[in-house]
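Understanding the architecture of this molecule
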Amino acid sequence: MRLSFRETLRIVSCVLVLALTLFCFGTSSAQQVQVTPIPGAAPVLGQGAQPQVIQQTIVKEGPGKGTEAPPAGPSVAGTTSEFEQFVGEAAGIRQFGYDLFGAPSTFAPVEEVPVGPDYVVGPGDEIRVSVWGGIEGQWTCVVDRGGMVSLPKVGVIGVAGLTFEQLKAALYKEVSRYYTNFEMNVSMGPLRTMRIYVVGSAHRPGAYTVSSLSTLVSALFASGGPAKTGSMRGIRLQRAGAVVAELDLYDLLLRGDKSKDVRLLPEDVVFIPPVGPLVGIAGSVNTPAIYEIRGEKTLSELIAMAGGLSAVAFAGRVQMERTEDGGRRVVLDADLASVMDSELAVRSGDLFRVFQVVPDRRVVRLTGAVNRPGEFGLNPGMRLKDLLDMAGGLRPHAFLKDAELTRVTVTPDGPRTEKVHVDLEQALSGREDQNIQLVENDYLFVRSVPEWDLYRTVQVAGEVRFPGTFTIEKGERLSSLLERAGGYTDRAYLRGAVFTREQVKRLQQKGLEEMVSRMQRELLAEGSVRLSSAASPEEIEARKIELESKQRFIQALRDLKATGRMTIRLAHLRLLKGSEYDIELEEGDSLFIPATSSVVNVMGSVMSLGSHVYQERYSYKDYIAMSGGYTRYADSGGTYVLKVDGSARRLSGGLFTWNDPRSRWEVGGFSEDIPDIEPGDTIIVPEKLDRIAWMREVKDITQILMQMAVTTAVVVELLDDD
């Protein structure tokens, strides 16, 4: 039968796909181990004489890498045991020791560490031999499956089962049969790997391929340790069907004892039995947790296992929860010290709570004009004089004639507050009726002499004859301070004086913060409304950008800090005295008098920001013209000037202007004796707040006109049809 070309091509394609599938299946995993059937044995059912492929879990350790975990799969371990779920939420404790294996594994590989003298050599180990002296040479050989190594001229030597120390002696002895007068060094190269098994109640039970230097503890780390249902205290190492070692991890965790951590051999089995009896202890112990007991029978032994009582443990109470007869959970309370002395036996499932001591702070309080105010412990028989002595005595400015003692007394009708006035002078002299015996929570306030203040200081800087920090008296005024500073210098520019006050600074800062918060709320509310009413994506995007700009403006305002400057107008000391600007000084005031200035600054919406030499005949418009004139969006009608004295004035735009402080209309140029522009002033040209987005408006108008035109054309067409 002849096949068509299309059918032949289809068969060839199927064969190629099948071959490719078999190839990929045969090389898809490096975790497969090929097992060849024993000659003469019956073939596996369904496989004929093909080799059997068995999938097994393998973990390898390599240089620079940690021990890899086997693939995640079914585990006998839950996240918590039943007992932990039962008491953990109420008591806030977990099973002890399991967190050691719960953290991400950082167990380092052991292939690069030096081997010890008790290391047992086996098949797969690499041995490096170096000799020098009467003969020189280096050889590297690997122990074969028969336990032999081969050296040149020396021949084959059996080394399997020898310790590393015995290996060095055996090789030296064999080489000495052929050479003399030489020195030898023997070291180990890459070590062999071996397969072990971790079974039972392990977190990840399975078969593991580990380094020949691995120990029982390293195998536990590789497998994730015991599950919460597995024991931490009876882990067994079985070899050839016999138990060769048993490990209690509590020895490692509680005492740092790792002496029972033995070296593993090929085909060893690490068996983790089910967890033993569990007892919980919570509260004021150093390590509250759920413990697996093994030989511990009493509460005192359990507390010792938990690290002992904490420093704030209350010895008068311990609470025990216990399951009675497998049917009910009972709660018992007792004296902790008595229970520990009576050697109370613990049972599986018990939960103990140790409580903190009861705070009992019996104190009295002292404040005011004393050297060390604060709280003081109340001693039996303690009196007022004793309290003052413990506080280091009175301050020099203490008012001795009258101190106030506040006492709160508990009555059936509620607390009763009593205030007692004490003559401290008589109390310190020992007079009984004034040297009152104190009770708990008494509060003694020692007054200072009236209007006491050691001294207040202000600062004067700039163009005065004696600048510096001056102390002031109560009620002292600015003119007096300037007289003490020696008066003004010849270069003093009185109009530019800067006077700041701490109290004003705090008020300004508070007002600034309130204004910024109010503006932020208003802008956010307005922005939300405008966004919700936007009619097109372009308008939404534009309003988002506008809102972001406003938010940046708000943030810039938040960064501003108040200066506390007050507007004052200095004059000759004779004229300053008794004037409205001869203010009373306060603590922390500061005065700075600059030197004469001859500059006028122009800022805002002008073509070129700059500073210009002051000329008396120039008006503000002349200075704006010198800065290039107004910009396109300048608000020329809102131009104002920041005066050198800190005040602000709107510049006159016509014949009449309104004076807010005096509530009257004034003729431009005759309003005050102060000229519009002075040396040191700053002219500000604001920008128009409301701009028209011309391009967007033109686009919208164009669309409306286009729609109107289309509508008109349709109507005309309909009329023509009629």
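Below, the structure is looked at part by part. (Residues numbered from 1 in each chain as written. Predicted model: local features only at pLDDT ≥ 70, side-chain atom pairs only at ≥ 80, totals over all residues. Heavy atoms only, no water.)

The next thing to look at is the overall build of the protein chain. The secondary structure content of the protein chain amounts to 16 helices and 34 strands. In the protein chain, 62% of the contacts between residues at least 6 apart in sequence involve partners at least 24 apart. With the model as given, the accessible surface of the protein chain reaches about 43,500 Å², and the carbon-plus-sulfur share is 55%. (Helix = DSSP H or I, 4+ residues; strand = E, 2+ residues; numbered from the N terminus. Contact = heavy atoms within 4.5 Å. Areas by Shrake-Rupley, 256 points an atom, 1.4 Å probe, with all protein chains shown as cover.)

Turning our attention to helix H13 (residues 537-558). The end-to-end C-alpha distance of H13 is 32 Å, a good match for the 32 Å that 22 residues give at a rise of 1.5 Å each. Buried residues of H13: Glu-539, Arg-543, Leu-547, Ile-554 and Leu-557, and no others. The buried residues of H13 occupy one face: seen down the axis, they fall within an arc of 70°. Exposed residues pointing more than 90 degrees away from the buried face of H13 are listed as Pro-537 and Arg-552. (Expected span 1.5 Å × (residues − 1). Buried < 20%, exposed > 50% of the residue type's maximum accessible area, 1.4 Å probe, protein only. Arc of directions from axis to C-beta.)

In this section: the sheet that holds strand E9 (residues 206-211). If you walk across this open sheet you meet the five strands as E9-E8-E12-E10-E11, and the pairing is mixed. For this open sheet the edge positions go to E9 and strand E11 (242-247), each flanked by a neighbour on one side alone. Between one strand axis and the next, the sheet turns by 30° as a mean value, whatever way the strands run. Of the pairings in the sheet, the one linking strand E10 (residues 235-239) to E11 comprises five bridges and is antiparallel in character. Opposite Gln-238, over in E11, you have Val-243 as the bridge partner. (Pairing = 2+ DSSP bridges. Axes fitted to C-alpha atoms, helices over the stretch in contact; angles between N-to-C directions.)

Turning to the side chain of Arg-322, a few remarks are in order. Positionally, Arg-322 belongs in strand E15 (residues 313-324). Looking at Arg-322, the relative accessible area reads 7%, which means it is buried. Ignoring any residue separated from it by four or fewer positions in sequence, one finds Arg-322 in contact with Arg-328, Arg-329, Val-330, Ala-345, Val-346, Arg-347 and Asp-350.

Another aspect to go through is the sheet that holds strand E26 (residues 565-566). Whether parallel or antiparallel, the strands of a sheet pair through hydrogen bonds between backbone atoms. Taken in spatial order, the five strands make up an open sheet running E24-E23-E27-E25-E26, and their pairing is mixed. Because the sheet does not close on itself, it has two edges, and the strands there are strand E24 (468-472) and E26. Direction of pairing for strand E25 (residues 498-500) relative to E26: antiparallel, over a ladder of two bridges. By the bridge assignment for E26, Phe-499 is matched with Met-566.

What follows is about the environment of Ala-497. With respect to the helices and strands, Ala-497 occurs in the loop between helix H11 (478-484) and E25. The sequence separation of Ala-497 and Gly-646 amounts to 149 residues, and the corresponding C-alpha distance is 8.8 Å. What Ala-497 contacts, discounting residues up to four positions off in sequence, is Arg-565, Leu-570, Leu-591, Phe-592, Ile-593 and Pro-594.

To continue, consider empty space enclosed by the protein. The full count for this structure, using the stated rule, is two cavities of 30 Å³ or more. Empty space within the largest cavity amounts to approximately 50 Å³. Lining of the largest cavity is provided by Gly-527, Arg-530, Leu-531, Arg-543, Glu-546, Leu-547 and Lys-550. Contributions of two or more residues to the lining of the largest cavity are made by helix H12 (502-532) and H13. With four residues, H13 is the single largest residue contributor to the lining of the largest cavity. (1 Å grid on protein atoms, 1.4 Å probe; cavity = no way out; pocket = protein on both sides within 12 Å on 5 of 7 lines; lining within 4 Å. Points joined across faces, edges and corners; volume = space filled by probe spheres on them.)

The next subject is the pairing of strand E21 (residues 414-422). With nine bridges joining them, strand E20 (residues 398-411) and E21 adopt antiparallel strand pairing. Looking across to E21, one finds that Arg-407 is bridged to Glu-418. Where E20 folds back onto E21 in an antiparallel hairpin, the turn is made up of two residues.

Remember, this is a structural readout, not a statement about activity or role.
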